[in-house]
Amino acid sequence: MINKHTNSLAGETSPYLLQHAHNPVEWLPWGDAARQIAISENKLMLVSIGYSSCHWCHVMERECFEDEEVARIMNASFVNVKVDREERPDVDQVYMEAVQMMTRQGGWPLNCFTTPDGLPVYGGTYFPKAQWIRILNQLSDLWANNPTQVSSYGAKLKEGMTVGGGIPGIESQKVFDLLPLKDCVHNWKKRFDHKHGGPDKAPKFPLPSNYTFLLHYAHIIQDEPVLQHVALTLDKMAQGGIYDQVGGGFARYSTDVEWKVPHFEKMLYDNAQLIGLYAEAFHAFGKREYLEVVKGIYTWLIREMKHPAGGYYSAIDADSEGVEGLYYTWEEQLVSTNKEQNHDYEKYYCVDEKALWEERLIPVRKASFAEMAKAQGTDIESLISALNLYNSKLLAERQKRISPLIDTKCITSWNCMLASGLATAAKHTGIKALLKESIGIITFIEDHLTNHESGELYRTWKDGTAKIPGFLDDYAFAAEACLKLYDATFEELYLAKAKALSFTAIDKFYDKEKGLFFFTSADQTDLITRPVELSDNVIPSTNSVMAHVLDALASYFDLSHFREISSRLLSAVTNSMVSYGSGYSYWADLHLKRYIGSIEIVATGPKAFGLLDEINKKYIPLATRAAAISFSTLPIMDKRFASDKSAVYICHNFACRQPVETAAEAIIELKKSIPNN
């Protein structure tokens, strides 16, 4: 096929940018070259931001950016810049902040018009063709006739943006007590959906860090209603259309309150966190459904998301053949010519309005495994076996269709999130393949996404090319992944890696005066301001991740200044956490850890690993674990090793009880260490 148009995006590696490489719009990638052209030609810039699996990004491309009439206006009056938000989250954060200030809403595609030097002056999300043309003409005329007014507005808008300056210095709290957490959860409970789980509104996002915190809180504080809400949410998600019942993996969100109709794209970062959450919930609740979800996510990841080099792809599109959800849904008269297969479908999945969507069926499981087994007169294991066999037949049929596009770039932070999720899942399920895969991802990061001279990280890798210096999230999630791997393996090299990554993050991103981490390094000069992430979203904020990492390293290495940085960060968000727990849930998890006090479980001697395996059969969230079978110089092991015998040390707030020699004794000591609520 000969393309009629080719623009400067043709030399990029991002699948999203390459999707636009043959638009008639003369797109440029983000960078100094685009800004210099805008300055020399005195044109407004359009910064258009999206990602490869974004449904409405595709719609706007078809309606506007592939249209010759629209392209002529854009090319004549603007310098047009395309940005993959997954490659450049820093650019996305800055202009998302600006558009939200202007319109009080945001999303993707994100279209922000700026002055030649990058000051935001107008923006929005999706625009249909007629409206887009009106906006282009109005802005072009305004810039031609009154550029001073436009520039003045941009300068004032920048002053009001909070992503960069204006962050106050924070003094750290000395005590993190229970009251803020109780107030946080009390306010949060008002927004629980007691029928379907999750929040009492739509759309519904999985938000894994929300349910990780609520699980920890409910277990430690013994709040039974919250515990029931977590179980209800995980149950309904696992049974709903947001979970790919046939092929495994979760879609990005549900458009309705029942978790029925997903926005069908699958993101690596969601599933990276959900595999760990469901594994931990399996440990806490013992529900077989949760283990099957873990296996389903893992199987999907290996089948569809893994690069042969060992890294994992970013996302799978919602659309195929130009239709959202076509690949994942079934005709209403499902294989109507095959009554036996149709009967099998109805044994497991809804075929009424509970599953019907736009004259197609979304696989929505009829009930829990226990309920279906009882209805079919069988046991749970037999039901699961039969269901898995039937799903394999549906999957084989589905794989005959044209599949959605896979975004094949590998992102450092998202891969590290998956390494964390797999290590966590291995710890809570005992499935060794998960741990092996987690180790393989870290090896991939070291081989392909690390500058071997400086040790610094790159952001993305595709087709053998690593590019873009790493942002704070790349370092934060890499350090966290190494901590999770230590917790799963007790290989001390992972602690050393986590510490080294954290020192680099402090050097590149930390502002000592303000007590916060910037998302971009001090030497980056291509943004109008340096973004800062504080609130947790679908992905926890980079500052909350760093706070967790530094708190953990402080325990392992006796680094008091790491704990002070962590405390100062946590102090900055306490009030926000109380009023809006869902947006600060990873912070709340750290606050909970600080409230119960530093709990350390340290096993030494020849039987150390076996002792911790026995202790780990009991669900004990937020404890720091360490083990060594031979002498270790790790500070947490200091004066705790005798080569001729094994022992377990239980410590709380840096005070240790007498060592014990059995797992049962250790668990009794642990019960004494958790605050009595």
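Residues numbered from 1 in each chain as written. Predicted model: local features only at pLDDT ≥ 70, side-chain atom pairs only at ≥ 80, totals over all residues. Heavy atoms only, no water.

1. Focus on the pairing of strand β4 (residues 110–114)
Across a regular strand the side chains alternate sides, sitting on one face of the sheet and then on the other.
Working step 1: Burial analysis of β4 places five of its five residues in the buried class, which makes it a mostly covered element.
Working step 2: Burial along β4 is two-sided: the face carrying Leu-110, Cys-112 and Thr-114 and the face carrying Asn-111 and Phe-113 are both buried.
Working step 3: Direction of pairing for strand β2 (residues 44–50) relative to β4: antiparallel, over a ladder of five bridges. Each bridged residue has a counterpart across the sheet, and for Leu-46 the counterpart in β4 is Phe-113.
Working step 4: Counted between consecutive antiparallel strands, the loop separating β4 from strand β5 (residues 120–124) contains five residues, among which Gly-118 sits at a positive phi close to 100 degrees. (Buried < 20%, exposed > 50% of the residue type's maximum accessible area, 1.4 Å probe, protein only. Helix = DSSP H or I, 4+ residues; strand = E, 2+ residues; numbered from the N terminus. Pairing = 2+ DSSP bridges.)

2. A look at the packing of aromatic side chains
Working step 1: Counted by the stated rule, this structure contains 30 aromatic pairs.
Working step 2: The interplanar angle of 75 degrees and the centroid separation of 6.2 Å between the aromatic rings of Phe-65 and Trp-132 together place this pair among those described as edge-to-face. Note that Phe-65 is positioned in helix α3 (residues 55–65) and Trp-132 in helix α6 (residues 129–145), a separation of 67 residues in sequence.
Working step 3: Taking the relative accessible area as the measure of exposure, Phe-65 reaches 1% and is therefore buried.
Working step 4: Ring centres of Tyr-243 and Phe-250 lie 4.8 Å apart, and the angle between their planes is 50 degrees; this geometry places the pair in the tilted category.
Working step 5: Judged by its relative accessible area of 0%, Phe-250 falls in the buried class.
Working step 6: A network of ring pairs unites the aromatic residues Trp-27, Phe-65, Phe-78, Phe-113, Tyr-122, Phe-127 and Trp-132 as a single cluster.
Working step 7: The ring of Trp-330 has Arg-401 lying over it, and the distance from NZ or CZ to the ring centre is 4.1 Å. (Phe/Tyr/Trp six-rings, centres within 6.5 Å; stacked < 30°, edge-to-face > 60°. Lys NZ or Arg CZ within 6 Å of the ring centre and 35° of its normal.)

3. Regarding the environment of Arg-625
Working step 1: Note on placement: Arg-625 falls in strand β22 (residues 624–628).
Working step 2: Along the backbone, Arg-625 and Cys-656 are 31 residues apart, and their C-alpha atoms lie at a distance of 14 Å.
Working step 3: Contacts of Arg-625, omitting those with residues within four sequence positions, involve Lys-427, Tyr-486, Asp-487, Phe-490, Tyr-556, Ile-601, Leu-612 and Asn-616.
Working step 4: A polar contact is formed between the side chain of Arg-625 and the backbone oxygen of Asp-487, at a distance of 2.5 Å. (Contact = heavy atoms within 4.5 Å. Polar contact = N/O pair within 3.5 Å; in protein donor to acceptor, adjacent residues only side chain to side chain.)

4. Concerning the pairing of strand β18 (residues 465–469)
Working step 1: Inspection of the sheet shows strand β17 (residues 458–462) paired to β18 by four bridges, in the antiparallel sense. The residue bridging Trp-461 from the neighbouring strand is Ala-466, located in β18.
Working step 2: Counting the residues that bridge the hairpin from β17 to β18 gives two residues, and of these Asp-463 lies at a positive phi of roughly 50 degrees.

5. Some details on the side chain of Arg-88
Working step 1: Within the secondary structure layout, Arg-88 lies in the loop between β3 (78–84) and α5 (89–103).
Working step 2: Here Asp-90 takes part through its side chain, which lies 2.8 Å from a polar atom of the side chain of Arg-88.
Working step 3: Excluding residues within four positions of it along the chain, Arg-88 makes contact with Trp-30, Val-83, Ile-468, Phe-471, Gln-524 and Asp-526.

6. Description of the sheet that holds strand β8 (residues 266–267)
Working step 1: Taken together, the three strands give an open sheet; going across it, the order is β8-β9-β15, and neighbouring strands pair in antiparallel fashion. Two strands bound the open sheet, and with one partner strand each, they are β8 and β15 (406–407).
Working step 2: Sheet topology note: the strand β9 (residues 315–316)/β15 ladder contains two bridges and is antiparallel. Along β15, the bridge assignment pairs Ala-315 with Asp-407.

7. Some remarks on the environment of Arg-398
Working step 1: For Arg-398, the position within the fold is in helix α15 (residues 380–398).
Working step 2: Residue Arg-398 is classed as buried on the basis of its relative accessible area, which comes to 1%.
Working step 3: Taking the C-alpha atoms as reference points, Arg-398 and Tyr-328, 70 residues apart in sequence, are found 7.6 Å from one another.
Working step 4: With near-sequence residues (within four places) excluded, Arg-398 lies in contact with Asp-244, Val-246, Gly-247, Tyr-327, Tyr-328 and Trp-330.

8. Examining the sheet that holds β18
Working step 1: What the three strands build is an open sheet, ordered β16-β17-β18; its pairing is antiparallel. In this open sheet, the two strands that pair with only one neighbour each are β16 (410–411) and β18.
Working step 2: Pairing between β16 and β17: two bridges, direction antiparallel. Pairing of Cys-410 across the sheet is with Trp-461, part of β17.

9. Things to note about the nonpolar core
Working step 1: Counting 203 residues, the largest nonpolar core has Trp-132, Tyr-278, Phe-517 and Leu-592 as its most contacted members.
Working step 2: For this core, the leading source of residues is helix α18 (residues 472–489), giving eleven residues.
Working step 3: Within the second largest apolar cluster, 23 residues are counted, among which are Trp-30, Ala-38, Val-91 and Val-94. (Core = buried A, V, L, I, M, F, W, Y, C linked by side-chain atoms within 4.5 Å.)

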